[in-house]
Amino acid sequence: MYHTNAVVSSTILMYAFMCGRIFASYSTTVEVMVGSTAKLPCNISSSAPDDGVALVIWFKGSTPVYSYDVRDSGDPNEAKHWASEELEGKARYSVTSPYSHLTLDAVADADDGDYKCRVDFYHSPTRNSFINLTVIVPPQKLEVLDQTGRAILTAAGPTVEGSSLQLTCFAIGGRPTPRVSWWRDGVSLDDGDEPVTADRVRNVLVLDQLQRKHLGALLTCQASNTRLVPPLSTTISIELYLRPLEVKLLGDNLALSAGSKYEVACRSSGSRPPATISWWKNGQPVRGHTRETTSADGNVTLGTLTVVPQAEDSGQILTCRASNPHLPSTALEDNWILNVYFPPIVSLELGSNLNASNIKEGMDIYFECKIKANPWVSRVLWTFNGDELETNMSGGRIVSNQTLILQAVSRTWAGIYVCLSSNSEGDSESRPFTLNIKYEPQCKNSQQKIYGAARGEEVMITCNVEANPPAAWFRWTFNSTNLATRPMESFESGGGRSVATYRPLSETDYGTLLCWGRNELGTQVSPCTFHIVPAGRPDAPYNCSLSNRSHNWIQVSCS
């Protein structure tokens, strides 16, 4: 039979013979929660129909603790009740045939023990009822620790996906010793508990290879030592660090125009905590404006990179990397090969086997137009001193797309050359290349060639030559009318010309002066020729007359 907060076992009937009398005895077990009410049964029925109860004495162990005495009055309603100091105020005895009950209120731990109810009848043999009162003390609390010994209140972890988790649940207190077990969704996971001390029992749960499905799983530890009340329990959840499951660059990998601003988006999902998005170019971190947003459930991270691509970025690998800082080895990447459109980048170079500082008249030279462009160029042009060049085979000029050939160059081809090219992104031109052509000195045509001089008159003869580089050295000789030749030493040179000082003293000093210039290429082949001819002084004026006058001037006319 079951009572509130108590369990009463079935009664076992026994008979004993003492001193020639028959004693009937009954054994009963009562379980009750500490602090509740216990009802200890005692059978007071007589074997004779007309017999009645004379005296009931309750013993705890061998010590009387309560009595019910009808002997003096003979009337059950006027029976005398007595309680020991231990039970005074908390025990009461009620009689309802065939059973009576000793009720104990606010049962304490000290009330646990063996009780005996002795019933004396007027005529029938004495009956003894034995009651084992078990006072149940439930466990006081549960404590859950992780493998590091840290107390867990609500959640275990976070721990890394793929690792193991060890949880130890301690039940503290309780009598009899409680059983400790682990449960998930009503299914037992582990009931292998073990006592640690007199008042502590533990159960160690080990979960190997934690998976994504374990995230948020609810694990319940229960401790119970009676069916009278629900088990003491505590529930914790599992927190996990999860690797990213996906990373993807969004949209199409279209061609980009250099210098324009673009936004590139990348999405990652599956990471816990949300993935961190980082951007890389050819394995190096990208410096630029970035931002990240996370979905409300934390499962999806969206990263955005603002880029202004340059020509040198074309062909490089742009990488979006999603990583969980707690699981660095599980990072995922998605890549694009950048296709950047840009106007042509043009440079003009003299042929690789030519020395720009040593180009001489008569040499064959060529230029190369180096072009880097995406998309490729649709047009290539050459200009000389601003004028477009075309092929002229007879003039020794060949234009072949990115190559310009000049055959047997002359000094007239010295000047500024430019290569121009175009594509869909725009037009570009190279830096100007100034072609410097060297040649030996030659006489300038536009200079005075005949000088008249009187005997003893000093004249200055200027020899101008064209040369590149300018002539730095000069040589003069004089050829007289009698074909005598002599060198001249009275001259000064500089700035590509030489000035000789000459004074004829006799008739044989009239003749021809020859001037040769020389630069690093050599001496001019044909000298500059200057003729010195006789010239007398004019006659004195005659037939002079005053032709006009005023107060402050006069006019004289002479022949």
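Residues numbered from 1 in each chain as written. Predicted model: local features only at pLDDT ≥ 70, side-chain atom pairs only at ≥ 80, totals over all residues. Heavy atoms only, no water.

K.L.:
Looking at this structure, how should I read the overall build of the protein?
P.N.:
In terms of helices and strands, the protein carries zero helices and 53 strands. For 559 residues, the compact-globule formula gives about 24 Å, and the C-alpha radius of gyration of the protein, at 64 Å, lies well above that figure. The proportion of buried residues among the 559 residues of the protein is 39%. Across the protein, the fraction of contacts at a sequence separation of at least 24, relative to all contacts at a separation of at least 6, is 63%. Surface summary for the protein: the accessible area is close to 30,900 Å², and the carbon and sulfur share equals 50%. Within the protein, the 56 negative side-chain charges are centred at a point lying 7 Å from the centre of the 47 positive side-chain charges. (Helix = DSSP H or I, 4+ residues; strand = E, 2+ residues; numbered from the N terminus. Rg over C-alpha atoms; globule rule 2.2 N^0.38 Å. Buried < 20%, exposed > 50% of the residue type's maximum accessible area, 1.4 Å probe, protein only. Contact = heavy atoms within 4.5 Å. Areas by Shrake-Rupley, 256 points an atom, 1.4 Å probe, with all protein chains shown as cover. Lys, Arg positive; Asp, Glu negative; His and termini not counted. Charge placed at Lys NZ, Arg CZ, Asp CG, Glu CD.)

K.L.:
What should I look at first to understand the state of the cysteines in this one?
P.N.:
As enumerated under the stated definition, the model contains seven disulfides in all. Between the sulfur of Cys169 and that of Cys221 lies a disulfide, 1.9 Å long from S to S. Taking the sign of the torsion about the S-S bond as the criterion, the disulfide between Cys169 and Cys221, at about -85°, is left-handed. Taken as a pair, Cys169 in strand β16 (residues 165-172) and Cys221 in strand β21 (residues 218-224) lie far apart in primary sequence, 52 residues in all. For the residue pair Cys169 and Cys221, the accessibility class agrees, reading buried in each case. The disulfide that involves Cys443 links it to Cys528, with 1.7 Å between the sulfurs. Looking along the S-S bond of the Cys443-Cys528 disulfide, the torsion reads about -125°, which is the left-handed sense. Of this pair, Cys443 sits in strand β42 (residues 437-443) while Cys528 sits in strand β51 (residues 528-534), and the two are 85 residues apart along the sequence. (Disulfide = S-S within 2.5 Å.)

K.L.:
Got a minute to help me understand the sheet that holds strand β28 (residues 289-294) in this structure?
P.N.:
Read across the open sheet, the four strands follow the order β23-β25-β29-β28; overall the sheet is antiparallel. The open sheet is flanked by β23 (246-249) and β28, the only strands paired with a single partner. Strand-to-strand, the axes of this sheet are offset by a mean angle of 15°, without reference to chain direction. With four bridges joining them, β23 and strand β25 (residues 262-269) adopt antiparallel strand pairing. Bridge pairing links Glu246 to Ser269 in β25. (Pairing = 2+ DSSP bridges. Axes fitted to C-alpha atoms, helices over the stretch in contact; angles between N-to-C directions.)

K.L.:
Whenever I open this one, the packing of aromatic side chains confuses me. Can you help?
P.N.:
What the rule picks out here adds up to 11 aromatic pairs. With 6.4 Å between their ring centres and 40° between their planes, Trp476 and Phe491 make a pair best called tilted. Of this pair, Trp476 sits in strand β45 (residues 473-480) while Phe491 sits in strand β47 (residues 491-494); the two residues are 15 residues apart in sequence, bridging distant segments of the chain. Overall, Phe491 belongs to the partly exposed group, its relative accessible area being 25%. Taken together, the ring pairs connect Phe367, Phe384, Trp413, Tyr417 and Phe433 into an aromatic cluster. A cation over an aromatic ring shows up here: Arg200 above the ring of Phe170, its NZ or CZ 4.7 Å from the ring centre. Sitting above the plane of the Tyr439 ring, Arg411 keeps its charged end 3.6 Å from the centroid. (Phe/Tyr/Trp six-rings, centres within 6.5 Å; stacked < 30°, edge-to-face > 60°. Lys NZ or Arg CZ within 6 Å of the ring centre and 35° of its normal.)

K.L.:
What am I meant to see in the nonpolar core here?
P.N.:
One recurring pattern in soluble globular proteins: nonpolar side chains tend to sit buried together. In terms of nonpolar packing, the biggest core is built from 27 residues, with Leu40, Trp58, Leu104 and Leu133 touching the most fellow members. Elements with a minimum of two residues in this core: β4 (21-33), β5 (38-43), β6 (53-60), β7 (63-69), β9 (91-96), β10 (99-104), β11 (113-121) and β12 (127-136). Looking at this core, the element that brings in the most residues is β11, giving four residues. When residues no more than four places from it in sequence are discounted, the contact partners of Leu133 are Val30, Val32, Ala38, Leu40, Leu104, Asp111, Asp112, Gly113 and Tyr115. Listed in part, the 24 residues of the second largest apolar core include Val346, Leu354, Leu406 and Leu435. (Core = buried A, V, L, I, M, F, W, Y, C linked by side-chain atoms within 4.5 Å.)

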